[in-house]
Amino acid sequence: MKKLIKMKTQYYLILVLVATLTVSCSFDEELDPNGPSLAGVEAGASVRQLNEIAIGIEATSRDGHGIETTVSGSMARELYLFDADPRNTGNVLGKGGTVLDNNSFYSTTQFAGNYRTIKNANVLLEALDNTKVIEESEKNLYRGYAKTFQAYELIQVLKSYGKARIDVADDENLGPFLEFDAAIAAVRALLDDALNDLNTSESLGQFSFPVSGFGNLIDTSSETPENGRDDDESVIVSEFSLFNRAIAAVAAVYAGDGTGALTALEDSFFNLNGELNIGVKHVFSQGAGDQLNGVFRAPSKSADEPNNGDQIIVHNSWINDAEVNSITGLIDERVTAKTAVRPAPSIQDGLTGSHETRLYSNNVAPIDMIRNEELILIYAEASILANSLTDAQTALDIIRMKAGGLGPKDYGTPSPTAEQLTAEMLFQRRYSLWAENHRLFDTRRYDLTSTLPLDREGDRRFSVLPIPLAENQ
Amino acid sequence: MKQQTHFSRMKILLFLIFTPVILLAQETITGKVVIEGAGSGAPFVNIVENGTDNGTASDIDGNFSITVQALPTRLKVFALGFGTKMVDVATAGEITIQVSESTESLEEVVVTGLGSSVKRANLANAVSTVSAEELVGNTGQTTVDGALYGKVTGVNITSSSGAPGGGFALRLRGISSINGNNQPLFIVDGVYVNNVEIPSGLRFASGANRGNEENSGNRLADLDPNDIENIEILKGASAAAIYGTRANAGVVIITTKRGKGGKTKISFSQDTGVNIIQKKLGLRPWTAESVFNSFFSPNPDDPAAEQESREAAEAEVAAFQNALQNGGLIDYEDEIYGEVGFITETKLNASGGNEKTKFYVGGSYRDEEGIIQNTGFDRFSIRGNIDHKLSDVFDFSLSSNYVRSNSSRSFTGNENEGGLSYGYTLAFTRPWNNLFPDAVGNYPNNPNYPGNPIFVRDNALNEDSNNRFIQGFKLNTKILNKEADKVKLIFNGGVDYLSNETYVYVPEIHQGQVGNQEGFIAEGNNNFTQFNTQLISVWDHTALGGDLGLTTQAGISYLEQQADFVNSRGANLFGGQTSVDQSVNQAVDQIQSTQKDFGYFAQVEGNYKDQFIGTLGYRLDKSTLNGDPNEFFGFPKASLAVNIANLDFWNVEALNQLKLRAAYGETGSSAAFGSVFTSLVPSNVGGNGGLSVNTKGDPDIKPETSAEFEVGLDVGILNSRVSLEASYYNRKVSDLILSRNVPLTTGFTTQTTNLADLVNEGLELAVRADVFESENFRWNTGVQFYLNRSEVTRLEVPAFAQPGAGFGTGLGTFFIEEGQPVTQIVGNIDPDGDGPIPAALQQVGNVEPDFQMAFNNQFTLFKNIDVAFLLQWKQGGENLNLSRFLTDLGQTSDDLETAEGQARLGTAADALRFTEPAGYVRLREASIYYRLPSKTVSGMFGEVVEAIKFGVSARNVFTITDYSSYDPEVSVNGGAGLSSGIEVAPFPSARQFYFHLNVNL
């Protein structure tokens, strides 16, 4: 009896142990509860997902734009950014002989934004190759859109960094960095490729996803949109092609190809006598998941109230160098339109400025990606390159008059030289495109970096941002 | 029938043999065991005739009676929680034996497996134990982690905020993870508790870069330190291996107070105190000349600009002069940080019970104001712990704790143009500008920064409140209870539910909001539910005639943690409104996560005559956090302790303990939730929903693992009056999970994956001595010494700046580099300014201290006065003081009137300039208590009151340091990952003074 009990206890014991150890559970493969998976979208996107990524491309093309503008503007001595981050008036201006760091916000933010957009475009291209939900011709429409944005972003990279990695479709196997000339050639080819894609699908009329910021490229108010969508958002393909060619003209000028630029301009929305502000814009809103205008700064209220601390301060040289209309005695209208006198001059970090920015009226004001004013200047530059000096002179005088309220330029000779016109063209670009991320690249490509003013003992001039550390260059 | 007859005969035989002996030598000693100092009876104390198995125990009042064979004799008096005492008795009759409460009790047991424990004397690891007395006995403590400063070897505590109510990070034996979890696993009464730092979303108003820059508290703050009976700290993998994949950063096992049975004891205490800023940096002693020089920049090339600058500087001088004539400069540091915060804490608990059921119920309320107006922390905690014995087979325990805590932390830490963080605002605020509201309550704008600190202090809010329920349970089933074999089944676990609400409000009239967001509200609703359960079988087997004890256990464990963060934000507020609803622009984000772990474990412990004690164990874990959720990872352990002093040949009386020990173990840590996924995130434009790539996941990610080898020597001299514990460890962390910067051209910025190996090695020494013991003077002391060194031994990617742990190589950052310590700070330094030598990366500092020491001393004077102090010394280690960067830039650093300060201003603003030594010596705790003699107490209150004690104490009394800012213990990036030693505009640390009153009924 006793033995039996003992046996029982042992069996019980073993049973418990075995039961304990054989209890198991199998976990299901985890899905991210917080977002759609990239692999899933690339392998088999729905129409809705294709459209979402297409919109994402446009949305992310604004990433880093604010910092891009203030950093390049500071480096080009167009402005100072007086804010909490001392690097904006330190490193960026080479204060005390410091150099630009390749792992600080000013060298990485823009770069990350540009390549994020490029990646999103590549995700769309990959998804298009694999999805079966739409026809090939419609796929080309998406492709043309994606490649145009890629090219635009690559130009931004080249302007700030002087070189770019072009082949980044496979993130595990990146292509090399190309020097400027090779890279800009690749960008031009990409734009032509994009145009080709758009042309093969032009019969479809318009994009099946909304594109913002193209509101006024072509007046389509008389047309009835086929799908009844808001007209501003249904960008027709031919309209987008105008944008593609405008970018192509810019790329051609940057590549030194004046003729090529003039050809591209013909198919763009360039209009020598047209409204200067027509163009494609980055739009902003306070909506969820959206972005704000990163270059807007709240204006100082009045002389009674002290200055607001966080401001984009205009570099005094830009005010002081501005031309005065010899007849009216008024300063270049671009100065009065884009800036305002601070109630009191600002001093920070040994820098002084009397004016603040008024480039944008509020924090959701759109920012131009490219507008007719720039295209007229591109036309002038292309004409100089193509040796059509009279055309250049005409274009520049149009800018002087329409944008600056100035009379025609007196070169001291009726037929100014290419050098004179180039100087005038750069001067007009300096005022027409102030704080729009052009001056740094303009001074670099015309070897004028050394002419930039230094404001403090020990400051340095930089013409290009260092490639971010993570690229392992 | 037959058997019984036989038995009866035996009985008679025994009776016949022993009766004469008993009759011959019957000497009875009676008396009372009393607790030294308190004078109250000590219940359940063992009294054994030394060298025999003849013994008894004192009753509930401490009375005992023991019959011994002959006199004189020696009685050994001992009990858990009391020092062992030998008493020589020469004559029979009434005696009084005084015993003293001890934390170094020989028989102290330490948890080593999930279902078993072992006597400290037999332990093969250096497990630090902190008793209630050590934890909260000296002075008032807000949080458990903050209370551990200087009390444990091998621990490094970082404070990310001086705000009341948490903001601490515990590192055990160096860095165990770079990107993942560096915080130990906290287990309270068997429940895995949540120690999350919850971001409030204030970064969307302040411009801070990440949630970890919001200076949130860590939620261990919800646990009332006064409830704790003891804390055991398993510092490394060799001790913590049986906890597997959650134990890479060590395990902190917290046991709360439980009823001991007997008379119901009631204890009441009231603490009253103040928070005062530890150190003020002070106002720069401006002169009119220095004002002018600070704001004038000569510009010989541009006379117009120079003139403008001159005028601006002159305007500042005029404002300065004007201020001097109208009441002087305003010390805004004092205005913001100079508040005296009031602290009160009331505690009441009762414990008692009978043989079957024991209980402990305790409640406390702590209310603490910070050194900034409108900041503070309060916590209401109520606990009920019940142990019930159903039968000889079943018993169960329940531990229930409800906590409600609230804090108001205001705005500190890093920001970008928010105008909120005081450190930033103060750095740029000039003391001649009056920022106080006028008669109708309008606050002037700050001319030099987008925020008026007075306005922010008075009107902006950053608050959180927590409702928390922690419920633990344990059911023991004794299946078999025989002499040589005991088998029990333990089913335990618990739930930790935390409901957290955060609230940030920045009025639309705040300077930084005007023209921007136009008012901001963030309301967080965050819910966390954690379950864990274990089923363990434990088999105790005795063999070799009792010489060999074997404890075998095996079991399974399951863990599930759910979190749901919802943050709703509103901007562009309707005038004066404080609800998200009353805003024009709204945004919500949500992050959900569920993680599950499942594991098997088994362990065998063998103990041969307390001479050789060995353990072998293995744990297998899988987790949904890993790339393959069903792949098991194994974590072995093995250890051996040899008690040389227990070996038969040992005859050195003075050395009562000499133990050599060695242990090896492995643990793991899975990646953070989400690391396996590459997902798309919303990125909208023009009112249309877009998707974008974000971070890159690793679908093959596996846990990072630690393998630790530890050896040690424990020595006890003169019955452990002096004891020494020495340990050396070497811990290799393999497959470290890193969030590395990927080439930005991939379109991603970071990827989290297994990339590196790291080694930590270190030394820990602890000496404790009862230096002096006499009637009127007792002194015991403890000295701890420890150090840790780390090195990255493998890195698959080029060296990189750790994201989220610094501010780029321009200003200094943690930098992961093969062959270097993981704690190094690196900056891009140009050695000759503009000269021919190009700038290059350079190690500018290392936050790892050379060593740390703590001196803990307790004195008892004239039986009734207790004096104690704890001195902590951190030698070496550097901080990156970027607060100074801000004050230099704003020209407000306190030393800028000195040649040294001006010379600093002239140097390049790089990491080298802001690296400062961060060593210190600090009087961490000091206290004096007076215990009313028991006669006085009974004279005053009769039988009602048992003991009364009162005293004064202080925390952070003084600090000797070369560090120029508020506190060398600082971290701008919260408690996670690699964070410590980088300072940007912190909440300054406080010094606390208390008056205490304790009454026991």
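So, how was this worked out
Residues numbered from 1 in each chain as written. Chains lettered and ligands numbered in written order. Predicted model: local features only at pLDDT ≥ 70, side-chain atom pairs only at ≥ 80, totals over all residues. Helix = DSSP H or I, 4+ residues; strand = E, 2+ residues; numbered from the N terminus. Rg over C-alpha atoms; globule rule 2.2 N^0.38 Å. Buried ≥ 20, exposed ≤ 12 C-beta atoms within 10 Å, placed from the backbone. Pairing = 2+ DSSP bridges. Axes fitted to C-alpha atoms, helices over the stretch in contact; angles between N-to-C directions. Contact = placed C-beta atoms within 7 Å. Nonpolar A, V, L, I, M, F, W, Y, C, P; charged D, E, K, R; others polar. pLDDT = per-residue confidence, 0-100. Arc of directions from axis to C-beta. Expected span 1.5 Å × (residues − 1). Parallel < 35°, antiparallel > 145°, perpendicular 65-115°, else oblique. Left-handed = near helix turned anticlockwise from the far one by under 90°. Core = buried A, V, L, I, M, F, W, Y, C linked by C-beta atoms within 7 Å.

1. A few points about the overall build of chain B
Here is step 1 of the chain: Helix and strand counts for chain B come out as 14 helices and 48 strands.
Here is step 2 of the chain: Computed over C-alpha atoms, the radius of gyration of chain B comes to 31 Å, within 12% of the 30 Å expected from 2.2 N^0.38 for 1001 residues, which places it in the range of a compact globule.
Here is step 3 of the chain: Expressed along its principal axes, the backbone C-alpha trace of chain B runs to roughly 120 × 65 × 60 Å.
Here is step 4 of the chain: In chain B, which comprises 1001 residues, the share counted as buried stands at 54%.

2. Here we look at the sheet that holds strand β7 (residues 351-357) of chain A
Here is step 1 of the chain: Across the sheet, which stays open at both edges, the four strands sit in the order β1-β5-β7-β6 (chain A) with antiparallel pairing between neighbours. Only two strands of the sheet have a single neighbouring strand rather than two, namely β1 (79-82) and β6 (339-348) of chain A. Put simply, the sheet's adjacent strands are angled 45° from each other on average, direction ignored.
Here is step 2 of the chain: Looking at chain direction, strand β5 (residues 311-314) of chain A and β7 of chain A are connected through two bridges and run antiparallel. Paired with Val314 of chain A across the bridge in β7 of chain A is His355 of chain A.
Here is step 3 of the chain: Across the sheet, helix α6 (residues 303-325) of chain B is in contact with β6 and β7 of chain A; its angle to β6 of chain A comes to roughly 70°.

3. A short note on the interface of chain B and chain A
Here is step 1 of the chain: Facing 91 residues of chain B, the contacting portion of chain A comprises 90 residues.
Here is step 2 of the chain: Broken down by class, the residue content of the side of chain B that touches chain A amounts to 45 nonpolar, 38 polar and eight charged.

4. Focus: the confidence of the model for chain A
All names here are of chain A.
Here is step 1 of the chain: Looking at chain A, pLDDT values average 88 and 89% of them are 70 or higher.
Here is step 2 of the chain: Contacts of residues 1-5 to residues separated by more than four positions or lying in other chains number zero contacts, the stretch itself having pLDDT below 50.
Here is step 3 of the chain: Scored below 50 in pLDDT, residues 220-231 makes seven contacts in the model with residues more than four places away or belonging to other chains.

5. Some words on helix α9 (residues 258-266) of chain A
All names here are of chain A.
Here is step 1 of the chain: Turning to α9, its buried residues are Gly258, Ala261, Leu262, Ala264 and Leu265. Axial view of α9: buried residues confined to an arc of 165°, hence all on one face.
Here is step 2 of the chain: Buried residues in α9 make contact with α8 (237-254) and α12 (372-385).

6. A word on the pairing of strand β27 (residues 612-623) of chain B
All names here are of chain B.
Here is step 1 of the chain: Pairing geometry for strand β26 (residues 583-608) and β27, over twelve bridges, is antiparallel. By the bridge assignment, Ala602 is partnered in β27 with Tyr618.
Here is step 2 of the chain: The turn linking β26 back onto β27 is made up of three residues, and Lys609 within it adopts a positive phi angle of 50°.
Here is step 3 of the chain: One ladder, built from ten bridges, connects β27 with strand β28 (residues 633-643); its direction is antiparallel. By the bridge assignment, Thr615 is partnered in β28 with Ser639.

7. Side note on the environment of Lys119 of chain A
Here is step 1 of the chain: Mapped onto the fold, Lys119 of chain A is located in helix α5 (residues 105-130).
Here is step 2 of the chain: Note: C-alpha distance between Lys119 of chain A and Leu79 of chain A (40 residues apart in sequence) is 31 Å.

8. Describing the pairing of β26 of chain B
Here is step 1 of the chain: Two strands pair when backbone bridges link them, and strand β25 (residues 548-573) of chain B and β26 of chain B are joined in this way by 25 bridges, in the antiparallel orientation. Residue Val566 of chain B lies in a different strand from β26 of chain B, and its bridge partner there is Gln590 of chain B.

9. Points about the environment of Ile343 of chain B
Residues and elements named next belong to chain B.
Here is step 1 of the chain: Along the chain, Ile343 turns up in strand β18 (residues 341-353).
Here is step 2 of the chain: Ile343 sits in the buried class, given 23 other C-beta atoms within 10 Å.
Here is step 3 of the chain: Between the C-alpha atoms of Ile343 and Gly140, which are 203 residues apart in sequence, the distance is 9.5 Å.
Here is step 4 of the chain: Non-local contacts of Ile343, meaning those with residues more than four positions away in its chain, are made with Gly140, Thr272, Gly273, Val274, Asn275, Glu368 and Gln992.

10. A closer look at the sheet that holds strand β42 (residues 878-881) of chain B
Residue and element names in this part refer to chain B.
Here is step 1 of the chain: Spatially, β43-β42-β47 is the arrangement adopted by the three strands of the open sheet, whose pairing is mixed. The open sheet has two edge strands with one neighbour each: β43 (915-917) and β47 (982-983).
Here is step 2 of the chain: Lying over the sheet, helix α11 (residues 882-889) contacts β42 and β47, oriented at roughly 35° with respect to β42.

11. Points about unusual backbone geometry
Residues and elements named next belong to chain B.
Here is step 1 of the chain: Positive phi, close to 60°, is recorded for Asn572, a residue that is not glycine.
Here is step 2 of the chain: On the neighbour-count criterion, Asn572 (17 C-beta atoms within 10 Å) is partly exposed.
Here is step 3 of the chain: One non-glycine residue, Leu718, lies in positive phi territory at about 50°.
Here is step 4 of the chain: Counting through the fold element by element, Leu718 comes out in the loop between β32 (704-717) and β33 (722-741).
Here is step 5 of the chain: In this structure Leu718 comes out as partly exposed when scored by C-beta crowding, with 13 C-beta atoms within 10 Å.

12. Examining helix α3 (residues 47-60) of chain A
Here is step 1 of the chain: The terminal C-alpha atoms of α3 of chain A, which comprises 14 residues, lie 20 Å apart, in line with the 20 Å expected from a rise of 1.5 Å per residue.
Here is step 2 of the chain: With respect to burial, α3 of chain A is a largely interior element, twelve of its 14 residues being buried.
Here is step 3 of the chain: Turning to α3 of chain A, its buried residues are Gln49, Leu50, Asn51, Glu52, Ile53, Ala54, Ile55, Gly56, Ile57, Glu58, Ala59 and Thr60 of chain A.
Here is step 4 of the chain: In this fold, the buried residues of α3 of chain A make contact with α2 (38-43), α5 and α6 (136-161) of chain A together with β31 (691-693) of chain B.

13. Remarks on the packing of helix α13 (residues 389-404) of chain A against helix α14 (residues 418-432) of chain A
What describes two packed helices is the angle between their axes and the distance between those same axes.
Residues and elements named next belong to chain A.
Here is step 1 of the chain: Close contact between α13 and α14 brings their axes to 10 Å; oriented N to C, the two are set at 30°. Judged by the inter-axis angle, α13 sits roughly parallel to α14. Note on packing geometry: the crossing formed by α13 with α14 is left-handed. Counted together, Leu389, Ala392, Gln393, Leu396, Ile399, Arg400, Ala403 and Gly404 of α13 and Ala418, Leu421, Glu424, Met425, Gln428, Tyr431 and Ser432 of α14 form the full contact between these two elements.
Here is step 2 of the chain: Its residues assigned to classes, the contact of α13 with α14 shows nine nonpolar, four polar and two charged.

14. Concerning the nonpolar core
Here is step 1 of the chain: Core analysis: the biggest nonpolar cluster contains 189 residues, and Leu124, Ile247, Ala249, Val250, Ala251, Leu265 and Ile378 of chain A have the highest contact counts within it.
Here is step 2 of the chain: In this structure, Ile247 of chain A is in contact with Thr148, Ala151, Tyr152, Ile155, Leu191 and Ile370 of chain A, ignoring residues within four places of it in sequence.
Here is step 3 of the chain: Judged by nonpolar contacts, the second largest core, of 61 residues, contains Leu114, Ala221, Ile254 and Tyr600 of chain B.

15. Some words on the packing of α12 of chain A against α13 of chain A
All names here are of chain A.
Here is step 1 of the chain: Interhelical geometry of α12 versus α13 gives an angle of 155° and a closest axis separation of 7 Å. Taken as axis vectors, α12 and α13 run roughly antiparallel relative to one another. Relative to α13, α12 is oriented so that their crossing is left-handed. Contact with α12, carried on its side by Glu373, Ile376, Leu377, Tyr379, Ala380, Ser383 and Ile384, involves Leu389, Asp391, Ala392, Ala395, Leu396, Ile398, Ile399 and Ala403 of α13 and no other residues of that element.

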